[in-house]
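Inside the fold
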Amino acid sequence: MSTLTPEILGELEHQAIELPSWAFGNSGTRFKVFSTPGTPRDPFEKIADAAQVNRYTHLSPTVALHIPWDKVDNYIRLRAYAEDLGVSLGTVNSNTFQDDDYKFGALTHEDAAVRRKAIDHHLECIEIMHQTGSRDLKIWLAEGSNYPGQADLRGRQDRLHESLSEIYAGLGDEQRLVLEYKFFEPAFYHTDVPDWGTSYVQVAALGDKAMVCLDTGHHAPGTNIEFIVMQLLRLGKLGSFDFNSRFYADDDLIVGAADPFQLFRILYEVIRGGGYANPDVAFMLDQCHNIEDKIPGQIRSVLNVQEMTARALSIDTEALAAAQKSGDVLGANAIFMDAFYTDVRPDLAAWRESRGLPADPMAAFAASGYLQRIAEERVGGVQAGWGA
Ligand code: PSV
Ligand code: MN
Ligand code: MN
C-alpha cells in the first residue's frame, strides 16, 4: 500500500539541502586524521565530489564554502565550474578559529587591532559572496574562556555587538548574516555565543538581515532542540540549520544516524512552523566523515533528511490537532508515532525512479566506479583536509 500521497510527494520536490565543502576533505579527531584515497586536493575537486551527491539524489543543489579553506584565486571561475556540474555555490563560512592572533578571541578580543583583523576577514568573505553569488555569511565563533575570572563576560558581549554591527553594515541588500551558537568547545568554561538566546539577542539587535543558525550538534545532551526550532520560527529568526548527529559532544556524524526520532521531531516543527521549503530557512549539513567514504556519507545524509521529512509530512495533522484539543494524550502521541514508524522507503524509491533517478542512489553511486576513478586520478599533491 502506498503511504505517501501525491501532495506529500509534491512537497518533497522542493527539498534542497546544502552540502559543506569540508565534508569531502579528510577529517578526524585530535588523535588521528585518517586519509582516504581520492580525497580532493583543492576546492574544485571538493565541488566535483559534491556534484556527485546531487547527481544521484537531486537533493543538494548548492555547496557551502569555508574561507580560507576554500580560498581560490578566481571565484568566478569556481562558480562557473560548479554551475557546469549542475550545482551552485552557497553559504560562505568565515573562519576565525585557526589563527594565533585569535587565541583570546576575534570579534570579542580586548585588542582593537585583533578585532579589526577579524572584522576585515568577514568583509572579505562578503566580497567573495558577491563573486560566488552567495546569499548567506555564516559566522561561528570559537571564542570564550577556560577559567572563571579569565575574561570580562559583559565586555566581550558588548564588543561582539560592535564587531557584528560593522560586518552587518557591509552586507549587500540581498545578503544575510547567520550567527551560529555552540555551548562549548574549544572554550570550556564560557563561550561568547553559547545558546540560541544569545544568538537571537545579538542578531535581533542588528536587523532583518541577521538570523540564527541552529547546528543540531551544539546543545547540551537532553536539550529539546525542536522546541528551539519552534521558538525561532515563531520569532521569524531561524535562518539556517547545520544538520548532523551526535552521541556525546559535537560529533558531526551523519544526520539521523544517532537519533532518527529527534530528526523527525525537528522536521515536524519545521513544517508546523512554516520553515519547510521556505527560502528564509536554509537546510545545510555540517558533518565530517572521519572513517567512512565521504561521498556515500553525504548521499546517506541527504536521503536520511528526505526520509524523515516524508515521515513528518505524513502526520495526520487534523487528527493530531483534534486529539490535542480534546486532551487525548495517548491518542495524540499515537498519531505522531504512527507517522514516525511508517516505512516510506519503498514509496521514495518508486518516486525517484519515476523522476529518472536511481531507486537506490547509494547502490547506483557505488556501481558508477567514481571512487575508484578518483583514487587513481588524484595522486600527488596535498589532500584537502578539515582546515586545508
Ligand atoms: C563548529 O563546531 C562548526 O559547527 C561551525 O559550523 C564550523 O564552521 C564548522 O563546525 C566547521 O566544521
Ligand atoms: Mn556548524
Ligand atoms: Mn560544530
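For the structure, check the block above.
This structure is a prediction, so every number in the text was calculated from the model and none was measured. (Residues numbered from 1 in each chain as written. Chains lettered and ligands numbered in written order. Predicted model: local features only at pLDDT ≥ 70, side-chain atom pairs only at ≥ 80, totals over all residues.)

Glancing now at unusual backbone geometry. Of all residues except glycine, most have a negative phi; of all peptide bonds, most are trans. The peptide bond linking Ile 67 to Pro 68 adopts the cis configuration, its omega dihedral lying at 20 degrees. Counting through the fold element by element, Pro 68 comes out in the loop between β2 (62–66) and α3 (75–84). Positioned with a positive phi, His 58 is a non-glycine residue whose angle comes to about 55 degrees. A positive phi is found at Asp 252, a non-glycine position, where the angle reads about 55 degrees. Tracing the backbone through its elements, the reader meets Asp 252 in the loop between β9 (238–243) and α8 (260–272). (Helix = DSSP H or I, 4+ residues; strand = E, 2+ residues; numbered from the N terminus.)

Among the structural elements, Glu 11 can be located in helix α1 (residues 6–12). A sequence separation of 302 residues divides Glu 11 from Leu 313, and the C-alpha atoms of the two residues are 8.3 Å apart. Setting aside chain neighbours within four positions, we find Glu 11 in contact with Ala 277 and Leu 313. (Contact = placed C-beta atoms within 7 Å.)

This brings us to the site of ligand 1. Every residue near ligand 1 is listed here: Trp 22, Asn 93, Trp 140, Glu 180, Lys 182, Asp 215, Asp 242, Asp 250 and Asp 286. Considering only residue class, the shell around ligand 1 consists of 2 nonpolar, 1 polar and 6 charged. (Near = placed C-beta within 6 Å. Nonpolar A, V, L, I, M, F, W, Y, C, P; charged D, E, K, R; others polar.)

Moving on, we come to the sheet that holds strand β1 (residues 19–20). Read from one edge to the other, the open sheet built from 8 strands follows the order β1-β2-β3-β4-β6-β8-β9-β10, with strand pairing classed as parallel. Looking along the sheet, the strands with just one partner apiece sit at the ends: β1 and β10 (282–285). Packing against the sheet, helix α7 (residues 225–234) makes contact with β8 (210–215) and β9, and its axis sits at approximately 170 degrees to β8. (Pairing = 2+ DSSP bridges. Axes fitted to C-alpha atoms, helices over the stretch in contact; angles between N-to-C directions.)

This next bit is on the environment of Lys 46. Along the chain, Lys 46 turns up in helix α2 (residues 43–57). Residue classification places Lys 46 among the buried positions, given that 26 C-beta atoms sit within 10 Å. Put simply, Lys 46 and Arg 352 are 306 residues apart on the chain and 25 Å apart in space, counted from C-alpha to C-alpha. (Buried ≥ 20, exposed ≤ 12 C-beta atoms within 10 Å, placed from the backbone.)

The next point concerns the nonpolar core. Leu 177, Leu 179, Val 212 and Leu 214 are the most contacted members of the largest nonpolar core, which totals 91 residues. Broken down by element, this core gets its largest block of residues, 9 residues, from helix α9 (residues 294–313). Those residues within four positions of Leu 177 in sequence are excluded, and the remaining contacts are Leu 137, Ile 139, Ile 167, Tyr 168, Leu 171, Lys 209 and Ala 210. (Core = buried A, V, L, I, M, F, W, Y, C linked by C-beta atoms within 7 Å.)

The subject of this paragraph is α3. Since the α-helix turns once every 3.6 residues, residues separated by three or four places project in the same direction. Those residues of α3 that sit buried are Tyr 75, Leu 78 and Ala 82. The arc enclosing the buried residues of α3, seen along the axis, measures out at 55 degrees, which places them on a common side. Opposite the buried face of α3, by more than 90 degrees, sit the exposed residues Ile 76, Arg 77, Ala 80 and Asp 84. Buried-residue contacts for α3 involve α2, β2, β3 (88–93) and α4 (112–132). (Arc of directions from axis to C-beta.)

This brings us to the packing of α9 against helix α13 (residues 361–368). At a minimum axis separation of 10 Å, α9 and α13 run at an interaxial angle of 160 degrees. The orientation of α9 relative to α13 falls into the category roughly antiparallel. As for how α9 packs across α13, the hand of that crossing is right-handed. Here Ile 295, Pro 296, Ile 299, Arg 300 and Leu 303 of α9 come into contact with α13, specifically with Pro 361, Met 362 and Phe 365. Grouping the constituent residues of the contact of α9 with α13 by class yields 7 nonpolar, no polar and 1 charged. (Parallel < 35°, antiparallel > 145°, perpendicular 65-115°, else oblique. Left-handed = near helix turned anticlockwise from the far one by under 90°.)

Within the secondary structure, Asp 192 sits in the loop between β7 (190–191) and α6 (196–204). Residue Asp 192 is classed as buried on the basis of its C-beta count, with 23 C-beta atoms lying within 10 Å. Between the C-alpha atoms of Asp 192 and Arg 115, which are 77 residues apart in sequence, the distance is 14 Å. Beyond its immediate chain neighbours, meaning those up to four positions away, Asp 192 contacts Thr 108, Leu 141, Glu 143, Gly 144, Arg 156, Gln 157 and Leu 160.

Remember, this is a structural readout, not a statement about activity or role.
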